[in-house]
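Geometric and topological summary
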Amino acid sequence: MNQILLRGKNLSRQWGGLLAVNQVNIEIFLGKIHAVIGTNGAGKSTLINLLAGEVPLSGGSVELLEQDVSLWSEPRRARLGLGKSFQKNTIFPDLSVFENCRLAAQARHQRPWKFWETINSCTYSRTQAQKVLLKTGLHVLSEKKAGLLSHGQKRQLEVAMCLATNPKVLLLDEPLAGMGAEETNRMLNFLNELRPEHGILLVEHDMDAVFQVADMITVMVNGAVIACGTPPEIKNNKDVQIAYLGVAS
Amino acid sequence: MKKSQLFFLLILASVLVFLPQISSEYVLDWLTKTMIFAIFALSLELLVGQTGLVCFGQSAFFGIGAYTAVLFSAKVDHTYLGYLLPLAIFAAALYALIVGALSLRTKGVYFIMVTLAFAQMAYYVIHDTPLGGGTDGIYLYHKPIIFRDLVLEGSIFIYFFTTICLFLVLGFLGLLSSSRFGRALIGIKINELRMRAMGFETYWYKLVAFVISGAIAGIAGFLFAMKDGFVNPEILSWHLSGAVLMMIILGGLGHLRGAVIGAFTYALLEELFRSEIIFGSFSKNWHLGLGLTLILSVALLPKGLFGIRDQLQKSLPLYLANFKKLPKTKL
């Protein structure tokens, strides 16, 4: 279970005089949930974007499934097995829930030159979409327009689309944002179900949720890591207490 | 294929096959011209309606297709269609490849301006230069041969040839939009960021769509040159890019049928406002009437003519419900 799926070494990102991410090291293991927490502007989302390849690195390197992917484009990393869900909903509102997942699944089976074949003839993407919808419990809404879903369902669909691309590593940027208690619990259970087959990087503001599911927690302040450890270690870390509460308890 | 799509194609085919029996030479010429513009509008629909790329330089590909057909026709003898048409398509597609490769690195308003700039560059290469025949343009001396002695000339023959081309383009784009490639384009139009995160190399998808669009505009340009037997630099000007953009907006973005409906409606409106019988001396200012109508249509029909049915389905029940709630007054 100690297989490293994703490794970021000395990751840095600079915008002019602002060092958004400063020499961050992070490792995502198979079967583990690694949470990244920090105050607003700590660089959590930038870290996810650096790992996903959406933002180019100013320094450091990224290894995905034992391959150096530092210079790879975002789509190429995604095709190798990196799934990313966004902080804000980025679903396709005019398409049905099923169509959203099918489009995501199509990313692994693109074949764009086969213009004479309709999308319905692609068995892989259809099966994969149905599988993911069943797994996430969204199958009952598969024909509904994605734009008409509730906020919680949209967040669920966001993760479902991410899963439809068949990733090994999931980078989840605030998947619980705006969710009620019941929806949060459902999502946390779902993340636990995903654990055996994936490595998960979770960026989240909901501390109760983070301490409930995470195996490892990295704490960031001003672009740098101030602590990294298991939930009990982080709870008792003085630097973290100072960063969050202003004083050590 | 949906029933409504099949119905539309059958109606269109029946009308277009039947019309030459009862049409005058003028109407036949008008129909041919409008079908050519429908093909041209379909080329832009692929970019704007299906991919979300607002290209303001589409006339360049149309003009290049037309000029290639004329410039590569032999002056003393007929040239083969099998050579001339692919050449016109290739030239337009090649220019689209160059323009697309560079302009697709920009987004939004910059993309619009870069495509316009490239079209203007092509315009000034042709305009008032020996290559483009000066400001007057060039004549096509001999129409191409299709097979043995069968020459692509005569208004009826060109009319049916254009009709076949229109249906082939419609069929091809219909196939394309329901394929995996077409689905990916829709995804790019709605949310490119998400598409990249899922693993789609969106740049290459957009470039291929751009080249296909250029090639189809090249077909329209070729047909235009065949119809009139003459080309002038104005077919590369930004006015034509604007007009074809208006056609697809008028018809309704995101639907292939909308582009065809838009092209026909635009041409009808143009005829209407140019009519001296109806508008008298005001017909000289036909651009004004056409412009006002287009402004009104955009304001009242945001989804274009193709979206009227949806709009009515949504607003009519609401209107009727409110009407029933009005207090009844005794007379």
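Residues numbered from 1 in each chain as written. Chains lettered and ligands numbered in written order. Predicted model: local features only at pLDDT ≥ 70, side-chain atom pairs only at ≥ 80, totals over all residues.

A separate point is the overall build of chain A. Along chain A, the regular secondary structure elements total 9 helices and 10 strands. Along the first, second and third principal axes, the C-alpha atoms of chain A reach 60 × 40 × 35 Å. Among the 249 residues that make up chain A, the fraction classed as buried is 45%. Within chain A, residue pairs in contact and separated by at least 24 positions form 67% of the contacts whose partners lie at least 6 positions apart. (Helix = DSSP H or I, 4+ residues; strand = E, 2+ residues; numbered from the N terminus. Buried ≥ 20, exposed ≤ 12 C-beta atoms within 10 Å, placed from the backbone. Contact = placed C-beta atoms within 7 Å.)

We now examine the sheet that holds strand β5 (residues 67-68) of chain A. Residue and element names in this part refer to chain A. Pairing within the open sheet is antiparallel, and its 4 strands lie in the order β2-β1-β4-β5. Two strands lie at the open edges of the sheet, namely β2 (18-29) and β5, each paired on one side alone. Direction of pairing for strand β4 (residues 59-64) relative to β5: antiparallel, over a ladder of 2 bridges. Residue Leu 64 lies in a different strand from β5, and its bridge partner there is Gln 67. Lying on the sheet, helix α1 (residues 44-52) is in contact with β1 (4-15), β2 and β4; it crosses β1 at an angle near 115°. (Pairing = 2+ DSSP bridges. Axes fitted to C-alpha atoms, helices over the stretch in contact; angles between N-to-C directions.)

With 25 residues of chain A at the contact, the number on the chain B side is 20 residues. Looking at the side of chain A that touches chain B, the elements that each hand over two or more residues are α2 (74-80) and α3 (97-106) of chain A. For the side of chain A that touches chain B, the element with the most residues is α2(A), which contributes 4 residues. Grouping the amino acids of the side of chain A that touches chain B by side-chain chemistry returns 12 nonpolar, 5 polar and 8 charged. (Nonpolar A, V, L, I, M, F, W, Y, C, P; charged D, E, K, R; others polar.)

This next bit is on the environment of B:Ser59. For B:Ser59, the position within the fold is in helix α3 (residues 58-71). The spacing of B:Ser59 and B:Leu236 is 177 residues in sequence and 4.9 Å in space, taken between C-alpha atoms.

Let's shift gears to the domain arrangement of chain A. All names here are of chain A. For chain A, the domain assignment lists domain 1 (1-81 + 167-249) and domain 2 (90-165). A C-alpha centroid distance of 26 Å is found between domain 1 and domain 2. Listed as interface residues are 11 residues of domain 1 and, on the opposing side, 10 residues of domain 2. Mapped by element, the contributors of at least two residues to the side of domain 1 that touches domain 2 are α2, β7 (169-173) and α6 (181-194). Its residues placed into classes, the side of domain 1 that touches domain 2 shows 7 nonpolar, 2 polar and 2 charged. (Domains from an automatic or database assignment.)

All names here are of chain A. With mixed pairing, the 6 strands of this open sheet are ordered in space as β6-β7-β8-β3-β9-β10. Sheet topology places β6 (82-85) and β10 (224-229) at the edges, where each strand pairs with a single neighbour. Taking the axes of each pair of neighbouring strands and ignoring which way they run, one obtains an average angle of 15° across the sheet. Here β7 pairs with strand β8 (residues 199-203) via 5 bridges, running parallel. Across the sheet, the residue bridging to Leu 172 is Leu 202, located in β8. Docked against the sheet, helix α5 (residues 151-164) engages β6 and β7, running at close to 165° with respect to β6.

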